[in-house]
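# Inside the fold
The chain contents come next:
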Amino acid sequence: MGLQTAVIGWLDDRFPLVESLNSELNRRVPNYAAAAWRYLGGVAVILIAVEFVTGFLLGLYYVPDGAGNPAPAYTSVVFIQHTAYLGWLVRGMHFWGANLLLVVALLHLTFVFWNGAYRAPRELNWMVGVLLFLVIVLFTFTGSLLPWDANSYLARGREISIASGSGVFPDGVSLFLKTLIQGGPLVGPATLLRFFMAHVFLLPGLMTALLYAHYRIARRQGPSEPT
């Protein structure tokens, strides 16, 4: 306890740590803010934290290389699933957590829209929330290719054709977008590397920035009144 008190006191002298914690923990909220649907955003944040932790643990063994037969990416996933200590559990938590996150985020958006919490002056935070949902969808899109098995390979090929606007945009534009996403004319090792970099570096950074903005705006404006 003496060490704990000394550390907290040292931090509190340089940053209002105790004051900041007390202001958050003792913040008064109206009774209508206790509705169950208002906790969906917090549940989504918890699931995002689980995904970050389990994703980091998976990244310790995953090899983002799609060349060769069998490819190192596929063999590393097999190693995680069958050989690494509790690898099956970590991978299962990451997989099912991602599916649950998608459902919870969609329910959160639905209830916010249904209860009119997107109206002024909260329209900016609504737009940030929609962007967060799109980032979650991109997480699912990029992460599902990483096992590099037949199912993920064939499914992503169809989805990339849809994302490139095939049959909707002019052929030149669609081909350019498809090549940009794939990193070449076909789904291959370059595609896997691009999806891995987006899944591990680009999207987490973007999500962290959007979550911070979403949280700060929500805390400043407070819970919306029921309509």
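If you're wondering where the values come from, they're calculated on a predicted model, not measured in any experiment.

With that settled, consider the overall build of the protein chain. Summing up its helical and strand segments, the protein chain has nine helices and zero strands in all. The N-to-C order of helical and strand elements in the protein chain reads α-α-α-α-α-α-α-α-α. Its C-alpha atoms give the protein chain principal-axis dimensions of about 60 × 50 × 30 Å. Here the protein chain holds 227 residues, and 31% of them are scored as buried. For the protein chain, the accessible surface area stands at approximately 14700 Å², while carbon and sulfur atoms represent 70% of it. Separation of charge centres in the protein chain, based on 14 positive and 11 negative side chains, amounts to 5 Å.

As a further point, take the packing of aromatic side chains. A full pass over the atoms with the stated rule returns nine aromatic pairs. Consider the rings of Tyr-118 and Trp-126, whose centres lie 5.7 Å apart with planes at 50°: the pair is tilted. Relative accessible area serves as the criterion here: at 24%, Tyr-118 is assigned to the partly exposed category. The class of Trp-126 is partly exposed, set by a relative accessible area of 23%. Three or more aromatic residues joined by ring pairs make a cluster, and in this case those are Phe-113, Tyr-118 and Trp-126.

Formed by 20 residues in total, the largest nonpolar core has its most connected members in Leu-101, Val-104, Val-135, Ile-136, Phe-139, Met-207 and Leu-210. Elements supplying a minimum of two residues to this core: helix 3 (40–59), helix 5 (87–114), helix 6 (123–143) and helix 9 (189–221). What Phe-139 contacts, discounting residues up to four positions off in sequence, is Phe-52, His-199, Leu-203, Pro-204 and Met-207. In this structure, Val-77, Leu-145, Trp-148 and Ile-160 belong to the second largest nonpolar core, which totals 16 residues.

It is worth spelling out the environment of Pro-189 at this point. Tracing the sequence through the fold places Pro-189 in helix 9. Once residues lying within four places of it in the same chain are set aside, the contact partners of Pro-189 are Gly-66, Ala-67 and Trp-148.

Let us now look at unusual backbone geometry. A cis geometry characterises the amide bond from Asn-69 onward to Pro-70, with omega recorded as 0°. Tracing the sequence through the fold places Pro-70 in the loop between helix 3 and helix 4 (72–82). With omega at 10°, the peptide bond leading from Ala-120 into Pro-121 counts as cis. With respect to the helices and strands, the residue Pro-121 is situated in the loop between helix 5 and helix 6. Positive phi values are uncommon outside glycine, yet Leu-86 reaches one of about 60°. With respect to the helices, strands and loops of the structure, Leu-86 is situated in the loop between helix 4 and helix 5. Residue Trp-148 is not a glycine yet carries a positive backbone phi of 60°. Looking at the secondary structure, you find Trp-148 in the loop between helix 6 and helix 7 (150–163).

Time to look at the side chain of Arg-122. Within the fold, Arg-122 resides in the loop between helix 5 and helix 6. Despite its burial, Arg-122 pairs with no opposite charge, the nearest such side chain being Glu-225 at 7.1 Å. Of the polar contacts made by the side chain of Arg-122, one reaches the backbone oxygen of Gln-221; its length is 3.2 Å. Ignoring anything within four residues of it in the chain, the contact list for Arg-122 reads Ala-117, Gln-221, Gly-222, Pro-223 and Ser-224.

Relative orientation of the contacting elements helix 5 and helix 6 amounts to 160°, with a least axis distance of 10 Å. With respect to helix 6, the axis of helix 5 lies roughly antiparallel. Once helix 5 is placed against helix 6, the crossing between them reads as left-handed. Each of Leu-101, Leu-102, Ala-105, Leu-106, Leu-109, Val-112 and Phe-113 in helix 5 lies in contact with helix 6, whose residues at this interface are Trp-126, Gly-129, Val-130, Phe-133, Ile-136, Val-137 and Thr-140. For the contact of helix 5 with helix 6, the residue count by class is twelve nonpolar, two polar and no charged.

Basis of the calculations
Residues numbered from 1 in each chain as written. Predicted model: local features only at pLDDT ≥ 70, side-chain atom pairs only at ≥ 80, totals over all residues. Heavy atoms only, no water. Helix = DSSP H or I, 4+ residues; strand = E, 2+ residues; numbered from the N terminus. Buried < 20%, exposed > 50% of the residue type's maximum accessible area, 1.4 Å probe, protein only. Areas by Shrake-Rupley, 256 points an atom, 1.4 Å probe, with all protein chains shown as cover. Lys, Arg positive; Asp, Glu negative; His and termini not counted. Charge placed at Lys NZ, Arg CZ, Asp CG, Glu CD. Phe/Tyr/Trp six-rings, centres within 6.5 Å; stacked < 30°, edge-to-face > 60°. Core = buried A, V, L, I, M, F, W, Y, C linked by side-chain atoms within 4.5 Å. Contact = heavy atoms within 4.5 Å. Salt bridge = Lys/Arg side-chain N within 4 Å of Asp/Glu carboxyl O. Polar contact = N/O pair within 3.5 Å; in protein donor to acceptor, adjacent residues only side chain to side chain. Axes fitted to C-alpha atoms, helices over the stretch in contact; angles between N-to-C directions. Parallel < 35°, antiparallel > 145°, perpendicular 65-115°, else oblique. Left-handed = near helix turned anticlockwise from the far one by under 90°. Nonpolar A, V, L, I, M, F, W, Y, C, P; charged D, E, K, R; others polar.

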